[in-house]
Amino acid sequence: MTRLCFSLLLGACLALAAPDVRITSGATDDQVFQRGPGGTADIALAGIASDVNGKSLETRITRNFLPVEGFDWKAAGTIRDGKWSAKLNGVPAGGPYRIEVRIAGTAETAEVVDVLVGDLWVLAGQSNMQGVGNLTDVELPHSLVHNFDMTDHWVVAEEPLHRLVDATDRVHWGRNPETKEPEKLEGEKLARYIAERKKGAGLGLPFAVEMVKRTGVPIGLISCAHGGTSMNQWSPDLKDKGGDSLYGGMIRRVQLVGGKVKGVLWYQGESEANPTAAPVFLDKFERFVAAVRADFGQPNLPFYYVQIGRHVAESNQAEWNSVQENQRKAEMSIPNSGMAASIDFALDDAIHVSTPDLKRLGRRLANLALGTTKRGPRPVSAVFGDGIVRVVFSDVNGRLAADGRISGFVIETPEGGPKPMIYKAKVDPENGSAVLLYVNGTYPKGSKLRYGLGRDPYCNLRDEADMAAPVFGPMPIQ
């Protein structure tokens, strides 16, 4: 036998005899781990190994093929009854990491790749959070932004983030047109659905990419939204139904990724704009946030949400504005929360924010989450004198601004109807946080001010950080 043949045979024998070690739980490819207060994460792994009882186990973490400082090969436990466990404490924020496991003295390894340590954000609510923007010129993927998709798999995040039709949780499935029963799309039906989809851009990916750009910290998104859903459908009272309820499914998925998150992004309220739901919206919303924080075990969990914007429709105008006003008030009653306005955005259909403006909305939510800007214009007072209503705002970044003439303000008479009186509006030259509304004719005492009256107003007031003024009113004019 030649030396070459002997070497090949020996190599084949060694390969067949090499012990088999596998990672069965604790981490998967593309997973994002929530960092703790110290900026690090503890990662607990478990697995199996064949024919090597009593052998020592070693672990290593690399990035760009180089060992991460403090995480080169080192002992991590002993294999017992074909099973092993190991814990990697203090893994620093960053990545993508390759986590390797081997039996001491061998070269064969088990591994998970593209693991990140950073911050997890829940995406929840109805269609404008699910994402119904046109799938054109969408936010591009980023290597440090991953998504725990609705099939419970970690993947690199790309639009569309939400895909309800084959989600793990039954509550998201559509109904079979013949049986009327919930149906999970699979095989050819699923492939056709994916190939034909034209809508699906959302705000989650733009938010996450903006966060990474500003901080360098990886982001993991947990997609849980479902279009057309109400506060009743998101009720914490349905938690025990698990994946047959929106709330139960959300809780289940958060527990799967470690149980702790950085915060929640929420966009919902359109379904509450009716005579039954609107009057009780604020109470339900406050109780919902409290329940989320209690069930996550995070009493101060950041909760950032979007005030509902435009809808090209005529019905329930008063209820639509009622929900918007109560969302504005909720920011003041719910600690550690923040609201982003969307009333100035373009739409891709009668109710869904356009893809370009979803990118702007993601950046607005990033502003709130990072606290690097003020929250944006918030109305403080309206005072009439010398033919002018002077509207003062707080929390303005720089000066108030608008593209073209300022639009969106309406004076409402004591009888309750809008009166066309404002012939000019401009930012106060002496105070960039105030707007001057010039009034024509006799001003009716007891009038009130509204901004964004109706379901489809034209509003364009913002500040220099592109944080928009929210819908508000009726506000008394002093």
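Higher on the page you've got the structure.
Predicted model only: the values in this text are computed from it and were never measured.

**Considering the overall build of the protein chain**
Part 1 of the reasoning: Regarding its fold elements, the protein chain presents eight helices and 29 strands.
Part 2 of the reasoning: Projecting the C-alpha coordinates of the protein chain onto the three principal axes gives extents of approximately 110 × 55 × 40 Å.
Part 3 of the reasoning: Expressed as a percentage of its 478 residues, the buried residues of the protein chain come to 53%.
Part 4 of the reasoning: Residue pairs in contact within the protein chain that sit at least 24 positions apart in sequence constitute 71% of those at least 6 positions apart.
Part 5 of the reasoning: Within the structure as shown, the protein chain displays about 21400 Å² of accessible surface, and the carbon and sulfur contribution to it stands at 51%.
Part 6 of the reasoning: Averaging the locations of the 54 positively and 56 negatively charged side chains of the protein chain gives two centres separated by 3 Å.

**Looking at the packing of aromatic side chains**
Part 1 of the reasoning: Summed over the entire model, instances satisfying the criterion amount to 18 aromatic pairs.
Part 2 of the reasoning: Here phenylalanine 409 and tyrosine 451 contribute two aromatic rings whose centre-to-centre distance is 4.8 Å and whose plane-to-plane angle is 50°, an arrangement assigned as tilted. Here the residue phenylalanine 409 occupies a position in strand S23 (residues 409-412), and tyrosine 451 occupies one in strand S27 (residues 448-451), the gap between them amounting to 42 residues. Of the two residues examined, phenylalanine 409 and tyrosine 451, each falls in the buried class.
Part 3 of the reasoning: Taken together, Trp234, Tyr247, Trp266, Phe281, Phe285, Phe288, Phe303 and Tyr305 form an aromatic cluster joined through their ring pairs.

**Looking at the nonpolar core**
Part 1 of the reasoning: One finds Val122, Phe285 and Phe288 to be the most contacted residues of the largest nonpolar core, which totals 69 residues.
Part 2 of the reasoning: In terms of residue count, helix H6 (residues 281-296) provides more of this core than any other element does, seven residues in total.
Part 3 of the reasoning: Ala27, Leu45, Val91 and Ile103 belong to the second largest nonpolar core, which has 27 residues in total.

**Focus: the environment of alanine 366**
Part 1 of the reasoning: Note on placement: alanine 366 falls in helix H8 (residues 355-370).
Part 2 of the reasoning: Sequence-distant contacts of alanine 366, that is, excluding residues within four places in its chain, are made with Phe207, Glu210, Met211 and Arg214.

**A closer look at the sheet that holds strand S25 (residues 422-427)**
Part 1 of the reasoning: As summarised here, the arrangement of the four strands in space is S20-S21-S26-S25, forming an open sheet in which the pairing is antiparallel. Only two strands of the sheet have a single neighbouring strand rather than two, namely strand S20 (378-385) and S25. If you compare each strand with its neighbour and ignore which way they point, the axes differ by 20° on average.
Part 2 of the reasoning: For strand S21 (residues 388-394) and strand S26 (residues 434-439), the ladder comprises five bridges, and the chain directions are antiparallel. Within the sheet, the bridge partner assigned to isoleucine 388 lies in S26 and is tyrosine 438.

**Thoughts on the sheet that holds strand S1 (residues 21-25)**
Part 1 of the reasoning: The strand order across the open sheet built from three strands is S1-S3-S7, with neighbouring strands paired in antiparallel fashion. Looking at which strands have only one partner, the edges of the open sheet turn out to be S1 and strand S7 (83-92). When strand polarity is set aside, the average angle formed by the axes of neighbouring strands in this sheet is 35°.

**Considerations on the packing of H6 against helix H7 (residues 317-333)**
Part 1 of the reasoning: One can describe the packing of H6 onto H7 by two numbers: an axis separation of 9 Å at closest approach and a directional angle of 40°. As the angle between them shows, H6 and H7 are arranged oblique. The crossing of H6 and H7 is right-handed. For the pair formed by H6 and H7, the contact residues are Phe281, Leu282, Phe285 and Glu286 on the first element and Val323, Asn326, Gln327, Ala330 and Ser333 on the second.

**A few points about unusual backbone geometry**
Glycine aside, the phi torsion of most residues is negative, and most peptide linkages are trans.
Part 1 of the reasoning: Looking along the chain, the bond that leaves glycine 95 and enters proline 96 is cis, with omega of 0°.
Part 2 of the reasoning: Across the junction of glycine 473 and proline 474, the peptide omega takes the value 10°, indicating a cis bond.
Part 3 of the reasoning: Secondary-structure assignment places proline 474 in strand S29 (residues 472-476).
Part 4 of the reasoning: With phi around 50°, aspartate 137 is a residue other than glycine that occupies positive phi space.
Part 5 of the reasoning: Position of aspartate 137 among the secondary structure elements: in the loop between strand S10 (133-134) and strand S11 (145-148).
Part 6 of the reasoning: Accessibility expressed as a relative area gives 65% for aspartate 137, which makes it exposed.

**As for the packing of helix H4 (residues 204-215) against H8**
Part 1 of the reasoning: Here H4 crosses H8 at 50°, and the two axes come no closer than 7 Å. By the criterion of interaxial angle, the relationship of H4 to H8 is oblique. Crossing handedness for the pair H4 and H8: right-handed. Residue-level inspection shows Pro206, Phe207, Glu210, Met211, Arg214 and Thr215 of H4 in contact with H8, the latter providing Leu358, Lys359, Gly362, Arg363, Leu365, Ala366, Asn367, Ala369 and Leu370.
Part 2 of the reasoning: Here the residues of the contact of H4 with H8 are counted per class, giving eight nonpolar, three polar and four charged.

**Focus on the layout of surface pockets**
Part 1 of the reasoning: The volume enclosed by the largest pocket comes to roughly 370 Å³.
Part 2 of the reasoning: What lines the largest pocket is a set of 19 residues, and nearest its centre among them are Gln34, Arg35, Gly36, Lys260 and Val261.
Part 3 of the reasoning: Counting only elements with at least two residues in the lining of the largest pocket, the list comes to strand S2 (32-34) and strand S3 (40-49).
Part 4 of the reasoning: Taken together, the residues that form the lining of the largest pocket break down as six nonpolar, eight polar and five charged.
Part 5 of the reasoning: Here the second largest pocket defines a volume of roughly 310 Å³.
Part 6 of the reasoning: Together, 17 residues line the second largest pocket, and Glu158, Glu159, Pro160, Leu161 and Arg163 are the ones closest to its centre.
Part 7 of the reasoning: Mapped by element, the contributors of at least two residues to the lining of the second largest pocket are strand S12 (154-156) and helix H3 (187-196).
Part 8 of the reasoning: Split by residue class, the lining of the second largest pocket holds eight nonpolar, three polar and six charged.

Calculation criteria
Residues numbered from 1 in each chain as written. Predicted model: local features only at pLDDT ≥ 70, side-chain atom pairs only at ≥ 80, totals over all residues. Heavy atoms only, no water. Helix = DSSP H or I, 4+ residues; strand = E, 2+ residues; numbered from the N terminus. Buried < 20%, exposed > 50% of the residue type's maximum accessible area, 1.4 Å probe, protein only. Contact = heavy atoms within 4.5 Å. Areas by Shrake-Rupley, 256 points an atom, 1.4 Å probe, with all protein chains shown as cover. Lys, Arg positive; Asp, Glu negative; His and termini not counted. Charge placed at Lys NZ, Arg CZ, Asp CG, Glu CD. Phe/Tyr/Trp six-rings, centres within 6.5 Å; stacked < 30°, edge-to-face > 60°. Core = buried A, V, L, I, M, F, W, Y, C linked by side-chain atoms within 4.5 Å. Pairing = 2+ DSSP bridges. Axes fitted to C-alpha atoms, helices over the stretch in contact; angles between N-to-C directions. Parallel < 35°, antiparallel > 145°, perpendicular 65-115°, else oblique. Left-handed = near helix turned anticlockwise from the far one by under 90°. Nonpolar A, V, L, I, M, F, W, Y, C, P; charged D, E, K, R; others polar. 1 Å grid on protein atoms, 1.4 Å probe; cavity = no way out; pocket = protein on both sides within 12 Å on 5 of 7 lines; lining within 4 Å. Points joined across faces, edges and corners; volume = space filled by probe spheres on them.

By themselves, these are just geometric observations and shouldn't be taken as functional.
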